[in-house]
Amino acid sequence: MAKKRYEEVEHTADIRLKVYGADEKELFSNGAFALFDRMVDLDGVHDVFTDEIEAEGGDLEETLINFLSELLWRFDARRRVYRECRIAELSPGRVRSLCIGEEFDPARHHARQGIKAVTFHDVKITRTGKRLSVVITFDV
Amino acid sequence: MAGFELVRLDDWRWEIPRTGGMRVPGLIFADDALISDINKDDSVDQVANVACLPGIIKYSYAMPDIHLGYGFAIGGVAAMDLDTGVISPGGVGYDINCGVRLVRTSLVADEVKDKIEAMTKALFAATPVGVGSSGAIKRLGQEDERRILERGARWAVEHGLGTEEDLDCTEERGSMEGADASAVSPRAMERGRDQAGTLGSGNHFLELSRVAEVFDDNAARAFGLFEGQVVMQIHCGSRGLGHQVCDDYIRVMLPASHKYGIDLPDKQLCSAPIRSSEGKRYFAAMAAAANFAWNNRQVIMARAVETLEHSLSISPKALGARLVYDVAHNIAKFEKHVVDGRETEILIHRKGATRAFGPGRPGLPERYRATGQPVLIPGDMGRQSFVCVGTQASEETFASTCHGAGRVLSRHAAIAKARGRNIIRELAQRGIVVIAGEKGTVAEEMPEAYKDVAEVVKVMHEAGISRKVARLVPMGVIKG
């Protein structure tokens, strides 16, 4: 059985997701998956184009939040929905990713949940045994 | 969870005494039942944290619908001294000028009850809703968007979508002074362009309601409300543009807090002095986003009114749609209030709170001078909403009151509770038509997910801050 990529943590007003990864790259990739999986049913999203997306930050956590914020902006402003983001390069201050997806079409895609922002609330990457995890809070 | 001893002041007021870095005490409005809800999360700690901010005046206030936010709790009010105080994007929130407007009509609910379903369907077809909704205003260019940011609802009126009277009946006349489009990033502009005039998703809605009960005949008459009347509520905000403005300026304020030596108990309280360049620029961008939201509600209202005329095949005169009032729930404003016995200009953050000007207050349109400002408090889609009125006593909270019901169930818990049930059918059996862009939204937003707004409104009524005028019950609801 494939390992869980993320799960929901209880929060009354907003959405809090615990994202997992075997390493930092997978953690970033699963974070991107979690964001889009909450917003759109990804089963109906095809591989139409690949976008190269970069983000920077003062440390790994900030880079992660900035990366997810950039993806959210692409969805909201440019209607890009990504089924999968492969992390090509990652350092604490910078990420370069190749994201596969297509243009969001409300007539064909099944939207789930609007997300306003990816917040910095209590964001801390932690290691438990061999796995990394991070809890990310989304304002909805 | 909170580590604070609350001191009960009377039946409706609880004080968080000053400790540690708090510059002022906290003041929570709640009854016994609500205070035990409030104590279940960390929102009391958040009220205390806000009390630590430089320049805060009198109290860090919490309304009875308070719940956990980021940095500032939702349902918080913080007034700041202009010379020593700070402005914080977290004190406004991501959905800048999320707010509500109430439109009255000449329709009597009993006479149109067979048509509510058709009216609701027509409104749904005419209003772009849901995740990724766009295209309400065709061919909106960059220059138009800039004008919306600087002119607010006036832009819509200039484009035939509304009247001068609509502007009279909107907080700040739908156009906030100090708005500067150049303070809004190109990314925020791009995120908003297609979303002008759209309702969005989540807790935003458009609702046809019936005035079920009038508590205050005088005020109801002044507001043009009567029992059995059909009215319409529109609840939405500044969409992606406002979210991006908040996101952009949190990134500005994080280093700014450090630069100005502001000691933060929580990163999300990041802020800058009101008179600093960062503070001024955030205010200018926030005001622009607020204008974007007022224009949204104006456009949605104009389209909805036209849709109702067509749907019922009646003239504008027969429909008699007029704006009662439009209020902001998430905003920061410069206002004059009495501080230490002297009228003083202050900056007030209202995050999940409503302005509640009392009678005679400048800034109110002539028609409401004698009664006080209409205060609009929406509830959930199954129970009720309230129209209240601001009082002279509201000066206690710098003319601020509650804004809504507040969630009791997480979205996850609501969906679990709705499993195996058909919420739309349950509501239909109670005579409420609900149409949603996404079926998941209905489960997440089901009535049981919220507190009963009546409990919240009652506290502010009994505390004397905002008095009940009328109770509205839903008939037809559109959700994102």
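Keep in mind the model is a prediction, meaning the values are calculated, not measured.

Reading the values: the criteria
Residues numbered from 1 in each chain as written. Chains lettered and ligands numbered in written order. Predicted model: local features only at pLDDT ≥ 70, side-chain atom pairs only at ≥ 80, totals over all residues. Helix = DSSP H or I, 4+ residues; strand = E, 2+ residues; numbered from the N terminus. Rg over C-alpha atoms; globule rule 2.2 N^0.38 Å. Buried ≥ 20, exposed ≤ 12 C-beta atoms within 10 Å, placed from the backbone. Pairing = 2+ DSSP bridges. Contact = placed C-beta atoms within 7 Å. Nonpolar A, V, L, I, M, F, W, Y, C, P; charged D, E, K, R; others polar. Arc of directions from axis to C-beta. Axes fitted to C-alpha atoms, helices over the stretch in contact; angles between N-to-C directions. Core = buried A, V, L, I, M, F, W, Y, C linked by C-beta atoms within 7 Å. pLDDT = per-residue confidence, 0-100.

Caption draft 1: Main features of the overall build of chain A. Each helix and strand counted, chain A has 2 helices and 8 strands in total. N-terminal to C-terminal, the α/β element order of chain A is β-β-α-β-α-β-β-β-β-β. In terms of overall dimensions, chain A is globule-like: its C-alpha atoms have a radius of gyration of 14 Å, near the 14 Å expected for 140 residues. C-alpha atoms of chain A, sized along the principal axes, occupy 40 × 35 × 35 Å. Relative to its 140 residues, chain A shows a buried fraction of 44%.

Caption draft 2: Geometry of the pairing of strand S4 (residues 80-91) of chain A. Residues and elements named next belong to chain A. As paired strands, S4 and strand S5 (residues 94-103) are joined by 10 bridges and run antiparallel to one another. When the bridges of S5 are listed, Glu84 appears paired with Ile100. The hairpin formed by S4 and S5 contains 2 residues between the paired strands.

Caption draft 3: Representation of the interface of chain A and chain B in the model. Across the contact, 25 residues belong to chain A and 30 residues belong to chain B. With 4 residues, the top contributor of residues to the side of chain A that touches chain B is helix H2 (residues 60-78) of chain A. Class assignment of the residues belonging to the side of chain A that touches chain B gives a composition of 11 nonpolar, 7 polar and 7 charged.

Caption draft 4: Structural view of the pairing of strand S2 (residues 13-16) of chain B. All names here are of chain B. In S2, alternate side chains face the same way, and those of Trp14 and Ile16 are buried while those of Arg13 and Glu15 on the opposite face are not. Bridge count for strand S1 (residues 7-8) against S2 is 2 bridges, and the pairing is antiparallel. Paired with Val7 across the strands is Glu15, a residue of S2. Following S1, the chain reverses through 4 residues before pairing antiparallel with S2. Both S2 and strand S3 (residues 26-29) contribute to a ladder of 4 bridges, which runs antiparallel.

Caption draft 5: Structural context of helix H13 (residues 411-418) of chain B. Along H13(B), the residues that are buried comprise Arg411(B), Ala414(B) and Ala418(B). Across the axial projection of H13(B), the buried residues extend over an arc of 60 degrees, all falling on one side. Lining the buried residues of H13(B) we find strand S2 (15-21) of chain A together with helix H14 (423-429) and helix H15 (439-444) of chain B.

Caption draft 6: Up close: the environment of Asp32(B). Locating Asp32(B) in the fold gives a position in helix H1 (residues 32-38). Along the primary structure Asp32(B) and Gly261(B) are separated by 229 residues, whereas in three dimensions their C-alpha atoms are 39 Å apart.

Caption draft 7: A look at the sheet that holds strand S12 (residues 330-339) of chain B. Residue and element names in this part refer to chain B. Taken together, 7 strands build an open sheet; the order of strands is S1-S2-S3-S4-S5-S13-S12 and the sheet is mixed. Each end of this open sheet is capped by a strand with a single partner; those strands are S1 and S12. In this structure, strand S4 (residues 56-67) lies alongside strand S5 (residues 74-81), joined through 5 bridges in antiparallel fashion. Of the residues in S5, the one forming a bridge with His67 is Ile74. Against the sheet, helix H16 (residues 453-462) engages S3 and S4, with an angle of about 145 degrees to S4.

Caption draft 8: Expanded view of the nonpolar core. Residue and element names in this part refer to chain B. Counting residues in hydrophobic clusters, the biggest one holds 205 residues, and the most contacted among them are Val245, Met286, Ala288, Ala289, Ala290 and Val387. Tallying contributions element by element places helix H11 (residues 277-312) first for this core, with 18 residues. Those residues within four positions of Val387 in sequence are excluded, and the remaining contacts are Leu102, Phe223, Leu225, Pro374, Leu376, Val469, Ala470 and Leu472.

Caption draft 9: Seen up close, the environment of Gly114(A). Along the chain, Gly114(A) falls in the loop between S5 and strand S6 (117-118). Residue classification places Gly114(A) among the buried positions, given that 25 C-beta atoms sit within 10 Å. Considered as a pair, Gly114(A) and Asn30(A) are 84 residues apart in the sequence and their alpha carbons are 19 Å apart. Every residue in contact with Gly114(A), bar those within four places of it in the chain, is listed here: Val140(A), Val131(B), Gly200(B), Ser201(B), Gly202(B) and Gly480(B).

Caption draft 10: How the structure looks around helix H5 (residues 142-151) of chain B. Here H5(B) has its buried residues at Glu145(B), Ile148(B) and Leu149(B). The buried side chains of H5(B) occupy one side of the element, clustering within an arc of 100 degrees when seen end-on.

Caption draft 11: Fine view of the confidence of the model for chain B. Mean pLDDT over chain B stands at 95; residues scoring 70 or higher make up 100%. Here the predicted complex scores 0.96 on pTM and 0.94 on ipTM.

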